[in-house]
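# Coordinate inspection notes
Residues per chain, in single letters:
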2 protein chains.
Amino acid sequence: MKAAIVAVGSELLDPLRRETNGAYVTGRLREIGVDVLARTCVADDAAWLEAAFRDALARADVVISTGGLGPTEDDLTRDCAARAVGRSLRRDEGILEWLRARFARFNRVMAPVNEKQADVIEGATVLPNARGTAPGQWLDLEGRLLFLLPGPPGEMQPMFDDQVLPVLRERAGGTVLRSRVLKIASMGESDVEQVVAPLYKTFANPRTTILGGAGQTELHLTAEGSSVEEAEALLEELAAGIRALLPGRIYSEDGRELPEVVAALLRERGLSLALAESCTGGLLASRLTSVPGASEFLDRGYVTYSNQAKVDLLGVDPKLIEAHGAVSEEVARAMAEGARRAAGADLAVAVTGIAGPGGETPGKPVGLVFLALAGALGDRVRRAQFPGDRERVRRQAAQAGLEMIRRAALGLSAG
Amino acid sequence: MKAAIVAVGSELLDPLRRETNGAYVTGRLREIGVDVLARTCVADDAAWLEAAFRDALARADVVISTGGLGPTEDDLTRDCAARAVGRSLRRDEGILEWLRARFARFNRVMAPVNEKQADVIEGATVLPNARGTAPGQWLDLEGRLLFLLPGPPGEMQPMFDDQVLPVLRERAGGTVLRSRVLKIASMGESDVEQVVAPLYKTFANPRTTILGGAGQTELHLTAEGSSVEEAEALLEELAAGIRALLPGRIYSEDGRELPEVVAALLRERGLSLALAESCTGGLLASRLTSVPGASEFLDRGYVTYSNQAKVDLLGVDPKLIEAHGAVSEEVARAMAEGARRAAGADLAVAVTGIAGPGGETPGKPVGLVFLALAGALGDRVRRAQFPGDRERVRRQAAQAGLEMIRRAALGLSAG
């Protein structure tokens with residue numbers, strides 16, 4: 001089965017807006033083996049909208065529209081879909097009664113304009129909306145299916161999950177898709193690709209996609225099976241192979257991000273952590289404290305942006321800074337040890353580097369970052385050279401600081 | 001002139017991917033008065049892609065496609081567009097020569113598969129690509145224009161700006177659109193709406209849209225004129241009216257975000273700043289240090305997550321915490337004054353609050369935040385109750401801390 005999505009509303013064509021219903025519907029359809037081949041955002045224009053329905057129905061087995069079911073003059077979905085399929089609209093007495101009762105419940109009288117929300121295309125089945133005033137509807141056009149759903153995600157998603165998906169799952173013949181995301185923090189996209197491509201390319205099912213970000217590479221595996229169990233088994237077979245090729249590199253297969261994983265490791269071990277940040281300027285602390293309950297393991301952090309702050313707060317020897325520079329292995333080590341001691345914590349991580357765009361010195365280019373760990377999980381230091389602009393360097397450095405804790409907690413090499 | 005955009009590529013239909021070329025093109029077209037009425041992402045499927053071109057050309061005066069111009073079998077844009085307009089492709093010798101020379105420059109021999117990048121629809125004008133191997137092309141179909149542009153934004157955007165926009169601007173008859181964004185940090189979307197809607201609703205031109213985020217409200221004004229000067233004058237007329245209704249509330253009209261504005265104010269005044277953060281956990285420091293050159297005014301920050309950290313690092317009296325709780329006006333004041341003194345800075349900002357989901361106590365709900373300022377810009381304190389989840393509360397609190405500095409620096413009330 002091939003599907004097309006029509007998202008209705010002039011506001012969706014605003015460059016600042018992001019249309020999100022299409023991605024939601026596409027993802028859910030994939031799980032039942034239905035591919036979306038086209039997704040269109042169309043303005044509140046009767047001629048364009050009618051044509052969009054006609055075009056989509058000319059090719060797709062399933063057309064799903066979102067939006068344009070409200071009571072105002074701009075809400076044209078019902079009218080245009082009816083014209084596109086050559087049928088008339090009828091006013092549904094049941095919906096009218098339900099609408100009036102709903103307004104009465106909020107002590108309001110329904111304005112006449114709302115009555116058009118009770119219009120149903122001849123032959124359509126109504127999809128009740130428990131969360132708003134716009135019911136959906138669907139039509140079986142000799143095997144081609146047309147669904148009209150409301151635009152607000154809070155109304156569309158439950159209607160899609162509870163009322164649309166069961167219809168489609170039955171028609172799609174029971175194929176199920178399952179996905180898994182393997183997340184890696186310590187290797188770039190091309191390095192991961194080089195190691196795992198020879199393996200995953202031998203698998204037609206699951207399909208594998210690589211996505212790279214600042215300090216993160218993700219492998220998205222999607223398997224198709226006749227049952228959830230079969231699809232999961234196919235996923236596990238490939239995931240096991242990838243794990244063997246990337247020992248210790250995958251930090252999450254269950255959707256968790258790196259701060260959550262690190263927080264769990266520290267909690268399990270009952271360890272307290274202190275942070276000393278220069279170039280990341282609080283970003284590492286901010287990421288860790290985004291995890292609820294971070295106070296269980298994080299008691300304090302130092303943003304030591306200037307050399308004097310490193311001396312005052314962390315007890316770094318000024319002569320060390322003079323001899324090696326603030327961006328050096330020696331100062332990173334001294335910052336970590338100083339933070340651990342000053343905070344009375346079990347361990348500490350320090351980050352010092354050149355985020356750019358300025359600050360470069362001979363032999364120390366923008367993107368050079370030293371990371372150090374001191375205390376209960378052993379002493380480590382790492383020199384990294386990150387590509388990209390200021391924000392990218394900072395994000396990669398913070399991620400590397402988190403990964404350093406994870407690897408030490410699991411007894412893995414510094415990486 | 002009405003436009004349609006066709007974004008080509010199966011990967012664009014991945015729920016995890018975001019299609020960005022459409023928004024870019026829509027925004028640029030608006031500036032010259034061309035409205036986009038439909039935007040379609042279509043898979044690398046010959047039948048669907050050909051139909052997408054045919055459908056778009058049936059309605060739009062201008063059709064702009066991005067992507068699908070590469071050398072692989074999946075790159076179908078040239079073939080499908082040619083079929084949709086009923087013309088044949090010819091292999092362009094000039095492009096072939098240019099491609100061979102480009103490969104030679106990188107010491108590579110061009111594979112035969114690349115030759116298809118030299119295919120041009122009969123009658124089309126070639127759009128050279130200085131940044132990649134895929135040239136664009138465009139066709140005038142009796143007044144309807146079809147542009148085929150490459151997919152990578154780094155190639156598409158300069159080609160669009162330098163080679164497509166001038167053609168369209170001339171055809172659009174000289175209408176220009178100009179936009180301005182007024183940014184506000186200290187009022188929510190509905191409060192801003194209530195104050196300014198009675199004014200902006202009296203203006204048909206400029207049009208005004210309100211967008212709200214965590215700790216930020218934006219008013220987007222777009223004016224249409226026969227010249228840049230006329231459009232700018234219309235923008236300024238409405239902007240002046242809004243400024244009068246929101247005295248001191250608008251922190252930026254030039255695209256800058258709040259950290260940049262605050263950084264500039266501190267630099268101009270030669271003031272040094274220290275930070276003491278509890279619930280924001282480094283987020284305020286991280287946002288300020290995202291501004292290049294932040295070291296000129298920020299020397300250090302304290303993430304004092306625990307009560308003991310507040311006592312040790314900021315010299316807060318433990319009795320004060322015992323008497324009022326860590327989330328209190330008194331402790332916020334003591335944190336700011338302590339940070340200022342400990343850092344030897346001209347001023348300091350402190351944030352203490354309950355980000356949630358846990359940590360609530362009687363009379364102190366999740367979202368309660370105290371902010372304090374101490375030192376050179378005067379002493380201030382503010383109690384705020386922010387809605388939303390942990391991340392939303394943290395983001396609003398960090399934004400409020402920045403706004404507190406801005407208002408004090410400009411001599412505005414605490415707000």
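A brief structural summary. Note that this is a predicted model, so its numbers are computed, not measured. (Residues numbered from 1 in each chain as written. Chains lettered and ligands numbered in written order. Predicted model: local features only at pLDDT ≥ 70, side-chain atom pairs only at ≥ 80, totals over all residues. Heavy atoms only, no water.)

This part is about the overall build of chain A. In terms of helices and strands, chain A carries 13 helices and 17 strands. In terms of overall dimensions, chain A is more spread out than a globule: its C-alpha atoms have a radius of gyration of 28 Å, far above the 22 Å expected for 415 residues. Taken along the three principal axes of its C-alpha coordinates, chain A extends 85 × 55 × 40 Å. Every one of the 415 residues in chain A was classed for burial, and the buried ones make up 55%. A fraction of 67% describes how many contacts in chain A between residues 6 or more apart in sequence connect residues 24 or more apart. Accessible surface, chain A as shown: approximately 16,600 Å² in total, 49% of it carbon and sulfur. Of the side chains in chain A, 49 bear a positive and 56 a negative charge, and the two mean positions are spaced by 3 Å. (Helix = DSSP H or I, 4+ residues; strand = E, 2+ residues; numbered from the N terminus. Rg over C-alpha atoms; globule rule 2.2 N^0.38 Å. Buried < 20%, exposed > 50% of the residue type's maximum accessible area, 1.4 Å probe, protein only. Contact = heavy atoms within 4.5 Å. Areas by Shrake-Rupley, 256 points an atom, 1.4 Å probe, with all protein chains shown as cover. Lys, Arg positive; Asp, Glu negative; His and termini not counted. Charge placed at Lys NZ, Arg CZ, Asp CG, Glu CD.)

Strand order in this open sheet of 10 strands is β17(A)-β16(A)-β15(A)-β13(A)-β14(A)-β14(B)-β13(B)-β15(B)-β16(B)-β17(B), and the pairing throughout is mixed. For this open sheet the edge positions go to β17 (380-385) of chain A together with β17 (380-385) of chain B, each flanked by a neighbour on one side alone. Along the sheet, successive strands turn relative to each other by an average axial angle of 10°, direction set aside. Summarising the sheet, strand β16 (residues 368-375) of chain B and β17(B) pair through 6 bridges and their orientation is antiparallel. Across the sheet, Leu373(B) pairs through a bridge with Arg380(B), a residue of β17(B). (Pairing = 2+ DSSP bridges. Axes fitted to C-alpha atoms, helices over the stretch in contact; angles between N-to-C directions.)

Here the focus is the packing of helix α6 (residues 189-200) of chain B against helix α7 (residues 228-245) of chain B. All names here are of chain B. Relative orientation of the contacting elements α6 and α7 amounts to 145°, with a least axis distance of 10 Å. Crossing of α6 over α7 shows right-handed handedness. In contact with Val195, Val196, Leu199 and Tyr200 of α6, α7 contributes Leu238, Gly241, Ile242 and Leu245. Each residue belonging to the contact of α6 with α7 can be placed in one class, and the counts come to 7 nonpolar, 1 polar and no charged. (Left-handed = near helix turned anticlockwise from the far one by under 90°. Nonpolar A, V, L, I, M, F, W, Y, C, P; charged D, E, K, R; others polar.)

With 60 residues of chain B at the contact, the number on the chain A side is 61 residues. Here chain B and chain A share an interface that buries about 5,000 Å² over both sides, 56% of which is from carbon and sulfur atoms. On the chain B side of the interface with chain A, the three residues burying the most area are Arg39(B), Trp48(B) and Arg59(B), jointly 15% of the side's total. Summed over the shared surface of chain B and chain A, the number is 5 salt bridges. The salt bridge involving Asp14(A) is made with Arg30(B); its shortest N-O contact spans 4.0 Å. If you look at where chain B meets chain A, you find 31 residue pairs in polar contact (both at pLDDT 80 or more). Breaking the side of chain B that touches chain A down by element, the ones donating at least two residues are β1 (2-8), α1 (21-31), β2 (35-42), α2 (46-59), α9 (283-289), β14 (298-304), α10 (307-314) and α13 (390-409) of chain B. Split into classes, the residues belonging to the side of chain B that touches chain A amount to 29 nonpolar, 16 polar and 15 charged. Note that strand β2 (residues 35-42) of chain A and β2(B) share 5 bridges and pair antiparallel. Looking at β2(B), one finds that Cys41(A) is bridged to Arg39(B). (Buried area = accessible area lost by both parts, 1.4 Å probe. Salt bridge = Lys/Arg side-chain N within 4 Å of Asp/Glu carboxyl O. Polar contact = N/O pair within 3.5 Å; in protein donor to acceptor, adjacent residues only side chain to side chain.)

Moving on, we get to the nonpolar core. Counting residues in hydrophobic clusters, the biggest one holds 121 residues, and the most contacted among them are Leu29(A), Leu146(A), Phe147(A), Leu29(B), Leu146(B) and Phe147(B). A per-element tally of this core places helix α5 (residues 153-172) of chain A first, with 7 residues. Apart from residues no more than four positions distant in its own chain, Phe147(A) is found in contact with Val62(A), Val63(A), Ile64(A), Ser65(A), Leu127(A), Gln137(A), Trp138(A), Val164(A), Val167(A) and Leu168(A). Leu313(A), Leu314(A), Val316(A) and Ala339(B) belong to the second largest nonpolar core, which has 48 residues in total. (Core = buried A, V, L, I, M, F, W, Y, C linked by side-chain atoms within 4.5 Å.)

We now examine empty space enclosed by the protein. Overall, the coordinates contain 2 cavities of 30 Å³ or more when judged by the stated rule. The space that makes up the largest cavity amounts to roughly 230 Å³. Thr40(A), Asp55(A), Arg59(A), Thr40(B) and Arg59(B) are, among the 21 residues lining the largest cavity, the residues nearest its centre. Elements that contribute at least two residues to the lining of the largest cavity include exactly β1 (2-8), β2 and α2 (46-59) of chain A together with β1, β2 and α2 of chain B. Looking at side-chain class alone, the lining of the largest cavity contains 15 nonpolar, 2 polar and 4 charged residues. In this model, the second largest cavity occupies a volume close to 30 Å³. (1 Å grid on protein atoms, 1.4 Å probe; cavity = no way out; pocket = protein on both sides within 12 Å on 5 of 7 lines; lining within 4 Å. Points joined across faces, edges and corners; volume = space filled by probe spheres on them.)

Of the two same-sequence chains, chain B is brought onto chain A (RMSD 0.5 Å, axial shift 0.4 Å) by a rotation of 180°. Both copies of the chain, as the preceding transformation shows, are related through a two-fold rotation axis. When the interface residues of chain B are mapped onto chain A, 100% of them again fall at the interface, so both copies present the same face. (Least-squares fit on C-alpha atoms with pLDDT ≥ 70 in both.)

All names here are of chain A. When the terminal C-alpha atoms of helix α13 (residues 390-409) are compared, their 29 Å separation across 20 residues agrees well with the 28 Å that a helix rising 1.5 Å per residue should span. Of all 20 residues that make up α13, 17 are buried, and the element is covered over most of its length. With its phi angle positive at about 70°, Gly411 sits one or two positions after the end of α13. (Expected span 1.5 Å × (residues − 1).)

The subject of this paragraph is the side chain of Thr40(B). By secondary structure assignment, the location of Thr40(B) is in strand β2. In this structure the side chain of Thr40(B) is engaged in a polar contact, spanning 2.7 Å, whose partner is the side chain of Thr40(A). Those residues in contact with Thr40(B), other than ones at most four positions away along the chain, are Ala38(A), Arg39(A), Thr40(A), Ile5(B), Val6(B) and Ala7(B).

What follows concerns α1(B). Residue and element names in this part refer to chain B. Turning to α1, its buried residues number three or more, namely Asn21, Gly22, Val25, Thr26, Gly27 and Leu29. Among the structural elements, β1, β2, β3 (62-66) and α5 (153-171) are those in contact with the buried residues of α1. Looking one or two residues beyond α1, the residue adopting positive phi is Gly33, at roughly 80°.

Once that is clear, we can look at the pairing of strand β13 (residues 273-277) of chain B. Residues and elements named next belong to chain B. Extensive coverage of β13 is indicated by the burial of 5 of its 5 residues. The side-chain alternation of β13 yields two buried faces, one formed by Leu273, Leu275 and Glu277 and the other by Ala274 and Ala276. By the bridge criterion, 5 bridges tie β13 to β14 in an arrangement that is parallel. Bridging from a neighbouring strand, Leu275 pairs with Gly301 of β14. Considered for its hand, the β-α-β crossover made up of β13, α9 and β14 is right-handed. (Right-handed = clockwise from strand over helix to strand, strands pointing away.)

Taken as a whole, the second largest pocket holds about 800 Å³ of empty space. Contributions of two or more residues to the lining of the second largest pocket are made by α1, β2, β9 (176-184), β10 (207-213) and β11 (216-225) of chain B.

Residue Pro357(A) follows Gly356(A) across a cis peptide bond; omega there is 0°. Mapped onto the elements, Pro357(A) comes out in the loop between β15 (347-353) and β16 (368-375). Following Asn205(B), the chain continues to Pro206(B) via a peptide bond in cis, the omega torsion being 5°. Along the chain, the position of Pro206(B) falls in the loop between α6 and β10. Phi at Glu142(A) takes a positive value of approximately 50°, unusual for a residue other than glycine. Residue position: Glu142(A) is located in the loop between β7 (136-141) and β8 (144-149). You can call Glu142(A) exposed: its relative accessible area is 83%.

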